[in-house]
Amino acid sequence: MNPQAKLIFALSLTLGTTLTISSNHWIMAWTGLEIHTLAILPLISKSHHPRAIEAATKYFLVQAAASTLVLFSSMTNAWHTGQWDITQLSHPTSCLILTVALAMKLGLVPFHFWFPEVLQGSSLIVGLLLSTLMKFPPITLLYLTSPSLKPSVLMTMAILSTALGGWMGLNQTQTRKILAFSSISHLGWMAIIIAYSPKLALLNFYLYTLMTAAVFLSLNSIKALKLSTLMTTWTKAPSLNAILLLTLLSLAGLPPLTGFLPKWLIIQELTKQEVALAATIIALLSLLGLFFYLRLAYCATITLPPHTTNHMKQWYNNKPTNTMVAVLTTMSLMLLPISPIILAVV
């Protein structure tokens, strides 16, 4: 792709995100979401492969429908209350429509079907953008409107997302689809807490972005799109594979790694709010996610020859690891001891 075109799309993505997260008026937020969606479409379809075109089409249709619902929800609220302010969403029908619209934008169950397919049709770098940056504006809108939304609806969606995200990721062989279901599962954790402690949901999103970026960039540097390819990459970059094992375990939420921090805080907050049953269910459902992270980790590092893959061994790669990967993996593993500072800042 032409560097000037890439620059324009990157600037449009930044503009769309900034416009949505900094606006008080629904129309400005909606405009930001539209710019955001239109900027990512050429990046998804740039390979001109039929699957990439299909992914871009699916993404456009779902996001256009969700944006329409956001606009409809805000207009209904303005009709009944005379308010266009994002934080003044008070009409019950508007709140319900907005919950559905943002669930579609994010890929929460039962509006998750598009997300694994779109991620599978994209490259790993575009997949990283779809899993992190593209979810930032909808999460911000959820954060701003969280006092008006129904906790029961969000909790139902959250538990279903964690269950289906874990369940459907179990038998996948494509790394992008596994990471898509991982994203759906993590969104469940954010959705369950956003009505009770919105700041905690944002903290969860930031740490999830950090860990997912580390995994996507690691997979991109060893060019692993399938589990069978991942089995032979230990010859190419042994040290990166060893660190990938720990990053995946951090994404699963095992102590003493960074990923344990949001899960621990969310379970603590849910218990304080007297919804210990939901906390127990979501904690148990996260074990499904742990299984497929362990499967990925096993394929990346523990599978030693001779094994049953028909792939050729790859040449040892003597290039130094990308600095961004090094920084992100370090942060994905070592932020738990400084959690009091993180909480003080948040």
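Residues numbered from 1 in each chain as written. Predicted model: local features only at pLDDT ≥ 70, side-chain atom pairs only at ≥ 80, totals over all residues. Heavy atoms only, no water.

## Thoughts on the overall build of the protein
Across its full length, the protein holds 16 helices and 0 strands. Compactness check: the protein gives a C-alpha radius of gyration of 20 Å against a globular reference of 20 Å for 346 residues, within 12% of the reference. Overall, the C-alpha framework of the protein stretches about 70 × 50 × 35 Å when taken along its three principal axes. Burial statistics for the protein: of 346 residues in total, 54% are counted as buried. If you take every contact in the protein between residues at least 6 apart in sequence, the share linking residues at least 24 apart comes to 76%. Taken as a whole, the protein presents about 15300 Å² of accessible surface, with 70% of it coming from carbon and sulfur. (Helix = DSSP H or I, 4+ residues; strand = E, 2+ residues; numbered from the N terminus. Rg over C-alpha atoms; globule rule 2.2 N^0.38 Å. Buried < 20%, exposed > 50% of the residue type's maximum accessible area, 1.4 Å probe, protein only. Contact = heavy atoms within 4.5 Å. Areas by Shrake-Rupley, 256 points an atom, 1.4 Å probe, with all protein chains shown as cover.)

## As for the pattern of salt bridges
Under the counting rule described, the total for this entry stands at 2 salt bridges. Across the pair Lys58 and Glu54 runs a salt bridge, and its minimum N-O distance is 2.8 Å. Separated by 4 residues within a single helix, Lys58 and Glu54 lie in helix H3 (residues 50–81), roughly one turn from each other. Taking the shortest distance from any N to any O, the salt bridge between Glu117 and Lys177 comes out at 3.5 Å. Of this pair, Glu117 sits in helix H5 (residues 114–120) while Lys177 sits in helix H9 (residues 175–193), and the two are 60 residues apart along the sequence. Overall, Lys177 belongs to the buried group, its relative accessible area being 18%. (Salt bridge = Lys/Arg side-chain N within 4 Å of Asp/Glu carboxyl O.)

## Let's talk about the UniProt feature "transmembrane region" (unreviewed entry) in the protein
Cross-referencing UniProt, the feature "transmembrane region" (unreviewed entry) maps to residues 96–115, 124–146, 152–171, 178–197, 203–222, 243–265, 277–304 and 325–345 in the present numbering. What you have in residues 152–171 is 85% helix and 0% strand, and the ends, taken at the C-alpha atoms, are 30 Å apart. Between the end C-alpha atoms of residues 325–345 there is a gap of 25 Å, over a span that is 81% helix and 0% strand. (UniProt positions renumbered as here; feature names shortened; annotations may be inferred.)

## Points about the nonpolar core
By size, the foremost hydrophobic cluster in this structure holds 103 residues, and its most contacted members are Ile40, Ile44, Tyr59, Leu130, Ile192 and Leu230. No other element matches the 15 residues that helix H10 (residues 198–221) contributes to this core. Composition of this core by domain shows at least three residues from each of domain 1 (1–123) and domain 2 (150–345). Excluding residues within four positions of it along the chain, Ile44 makes contact with Ala52, Ala55, Ala56, Tyr59, Val118, Gly121, Ser122, Val126 and Leu130. (Core = buried A, V, L, I, M, F, W, Y, C linked by side-chain atoms within 4.5 Å. Domains from an automatic or database assignment.)

## A closer look at the side chain of Ser339
Note on placement: Ser339 falls in helix H16 (residues 339–345). Note on Ser339: relative accessible area 9%, which makes it buried. Within the structure, the side chain of Ser339 is placed 2.9 Å from the backbone oxygen of Leu336, a separation counted as a polar contact. Residues contacting Ser339, with those up to four places away along its chain left out, are Leu261 and Trp264. (Polar contact = N/O pair within 3.5 Å; in protein donor to acceptor, adjacent residues only side chain to side chain.)

## Digging into empty space enclosed by the protein
Across all of its chains, the model carries 4 cavities of 30 Å³ or more by this definition. In this structure, the largest cavity encloses a volume near 70 Å³. Residue lining of the largest cavity: Ser182, Ser185, His186, Trp189, Leu251, Ala252, Lys263, Ser286, Gly289, Leu290 and Tyr293, and that is the complete set. At the level of secondary structure, the elements contributing two or more residues to the lining of the largest cavity comprise H9, helix H12 (238–252) and helix H14 (276–302). Of the residues assigned to the lining of the largest cavity, the class counts are 5 nonpolar, 5 polar and 1 charged. (1 Å grid on protein atoms, 1.4 Å probe; cavity = no way out; pocket = protein on both sides within 12 Å on 5 of 7 lines; lining within 4 Å. Points joined across faces, edges and corners; volume = space filled by probe spheres on them. Nonpolar A, V, L, I, M, F, W, Y, C, P; charged D, E, K, R; others polar.)

## Side note on unusual backbone geometry
Each neighbour pair has its own omega, and for Val109 with Pro110 the value is 10°, a cis peptide bond. Tracing the backbone through its elements, the reader meets Pro110 in the loop between helix H4 (92–106) and H5. In this structure, the amide linkage connecting Pro255 to the following residue, Pro256, adopts the cis form with an omega of 5°. Along the chain, Pro256 turns up in the loop between H12 and helix H13 (260–272). One non-glycine residue with positive phi stands out, namely His48, at about 60°. Turning to its location among the elements, His48 is positioned in the loop between helix H2 (26–44) and H3.

## What about the UniProt feature "domain: NADH:quinone oxidoreductase/Mrp antiporter transmembrane" (unreviewed entry) in the protein?
Cross-referencing UniProt, the feature "domain: NADH:quinone oxidoreductase/Mrp antiporter transmembrane" (unreviewed entry) maps to residues 23–288 in the present numbering. Secondary structure within residues 23–288 divides into 74% helix and 0% strand; the distance between the first and last C-alpha atoms comes to 38 Å.

## Some details on the side chain of Ser250
Checked against the element boundaries, Ser250 lands in helix H12. Look at Ser250 and you get buried, because its relative accessible area is 0%. Side-chain polar atoms of Ser250 contact the backbone oxygen of Ser332, separated by 2.6 Å. The residues contacting Ser250, other than those within four sequence positions of it, are Met211, Leu257, Thr258, Gly259, Phe260, Ser332 and Leu333.

## Focus on the packing of aromatic side chains
According to the stated counting rule, one finds 7 aromatic pairs in the structure shown. For the ring pair Phe292 and Tyr293, a centre distance of 5.0 Å and an interplane angle of 50° mean the geometry is tilted. Tyr293 carries the same exposure label as Phe292, and that label is buried. Put simply, the rings of Tyr59, Trp114 and Phe115 pair up and form one aromatic cluster. The cationic tip of Lys135 hangs over the ring face of Phe115; the distance from NZ or CZ to the ring centre is 3.7 Å. Here the basic side chain of Lys263 rests over the ring of Trp189, its NZ or CZ set 5.1 Å away from the ring centre. (Phe/Tyr/Trp six-rings, centres within 6.5 Å; stacked < 30°, edge-to-face > 60°. Lys NZ or Arg CZ within 6 Å of the ring centre and 35° of its normal.)

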